[in-house]
Amino acid sequence: MKRLYHEAGLIHADLSEYNLLWHQGQLWVIDVSQAVEPQHPHGLEFLLRDCTNISQFFSKKDVPDVLSPQDLFNEVSGLNVSVADHSDFLTELQQFQKYRKTENAHVDLESNDYPFDYFFSKSLSQDQSEFKKELKETQVDVDAI
């Protein structure tokens with residue numbers, strides 16, 4: 001998880017024991033198609049969920065010295081969120097993400113802080129413009145729609 005976060009700049013966003021394979025003495029993480037960057041608006045929440053899933057799985061298997069989800073999160077992210085209660089921890093992350101979003105607002109393109117949202121909304125508005133143009137060409141009252 002730490003290598004994925006720091007070296008690839010990704011959060012799995014759906015990590016569980018079902019996405020871990022042990023092969024020839026190495027751990028392989030699979031199903032990364034939904035992975036997001038840490039800057040994603042909900043990236044840190046996804047990371048906490050991944051940490052919770054992994055921590056709970058290994059704890060249930062009685063593996064010694066398993067980190068709590070919060071400690072694993074801090075270890076992976078390099079952040080030092082010091083709230084022990086899970087719901088308070090999540091609230092703290094959401095506040096941090098909101099603060100980070102505000103701090104990065106100057107980079108924002110048309111109020112969208114994530115590239116997918118920006119390009120999706122551009123594509124959608126272009127499709128709507130083209131649709132309205134086609135309607136006008138076919139003599140349909142666009143305002144009635």
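Sequence order as written defines the numbering, with residues in each chain counted from 1. Under the rules for a predicted model, residues below a pLDDT of 70 receive no local features and side-chain atom pairs below 80 are neither given nor counted, while totals for whole chains, interfaces and linings still include all residues. Side-chain figures throughout are based on the complete set of non-hydrogen atoms in the structure, without hydrogens or water.

Asker: Any chance you could break down the nonpolar core for me, citing the residues and the numbers?
Answerer: Membership of the largest hydrophobic core comes to 17 residues, with the highest contact counts inside it found for Y5, L47, F73, F89 and L93. Under the scheme used here, helices are H or I runs from DSSP no shorter than 4 residues and strands are E runs no shorter than 2 residues, and both carry numbers assigned from the N terminus. Per-element tally for this core: the top contributor is helix α2 (residues 43-60), with five residues. The contact definition used throughout considers only heavy atoms, calling two residues in contact when any of these lie within 4.5 Å. What L93 contacts, discounting residues up to four positions off in sequence, is L44, L48, F73 and V81. In plain words, nonpolar cores are sets of buried Ala, Val, Leu, Ile, Met, Phe, Trp, Tyr and Cys residues tied together by side-chain atoms within 4.5 Å. Accessibility here uses a 1.4 Å probe with only protein chains present; expressed as a share of the type maximum, an area under 20% marks a residue as buried, one over 50% as exposed, and anything in between as partly exposed.

Asker: For the pattern of salt bridges, give the residues involved together with the corresponding values.
Answerer: One speaks of a salt bridge when a side-chain nitrogen belonging to Lys or Arg is within 4 Å of a carboxyl oxygen belonging to Asp or Glu. Enumeration over the complete set of coordinates arrives at two salt bridges. Of the charged contacts, one joins E75 and K2 as a salt bridge, the two residues approaching to 2.7 Å between their closest N and O atoms. With E75 in helix α3 (residues 69-77) and K2 in helix α1 (residues 2-6), this residue pair connects regions lying 73 residues apart in the sequence. A relative accessible area of 42% means that E75 is categorised as partly exposed. Residue E7 pairs with R3 through a salt bridge whose shortest N-O separation is 3.5 Å. For R3, a relative accessible area of 63% corresponds to the exposed category.

Asker: Can you explain unusual backbone geometry? Please cite residues and give values.
Answerer: Positive phi, normally seen in glycine, also occurs at Q24, with a value near 50°. With respect to the helices, strands and loops of the structure, Q24 is situated in the loop between β1 (20-23) and β2 (26-29).

Asker: Quick one: what's the story with the packing of α2 against α3, residue by residue and with numbers?
Answerer: To get an axis, a line is fitted to the C-alpha atoms, and for a helix only the part in contact is used. The angle between two axes follows their N-to-C directions and goes from 0 to 180 degrees. Closest axis-to-axis distance for the α2/α3 pair is 8 Å, and the angle between their directions is 125°. Of the possible angle classes, the one that applies to α2 and α3 is oblique. Between α2 and α3 lies a crossing of right-handed hand. When α2 is examined against α3, the residues L44, L47, L48, C51, T52, I54 and S55 are found in contact with a partner set consisting of P69, L72, F73, V76 and S77. These descriptions rest on fixed angle ranges, namely under 35 degrees for roughly parallel, over 145 for roughly antiparallel, 65 to 115 for roughly perpendicular, and the rest for oblique. Each helix crossing is assigned a hand: it is left-handed if the near helix lies turned anticlockwise from the far helix by less than a right angle, otherwise right-handed if that turn is clockwise.

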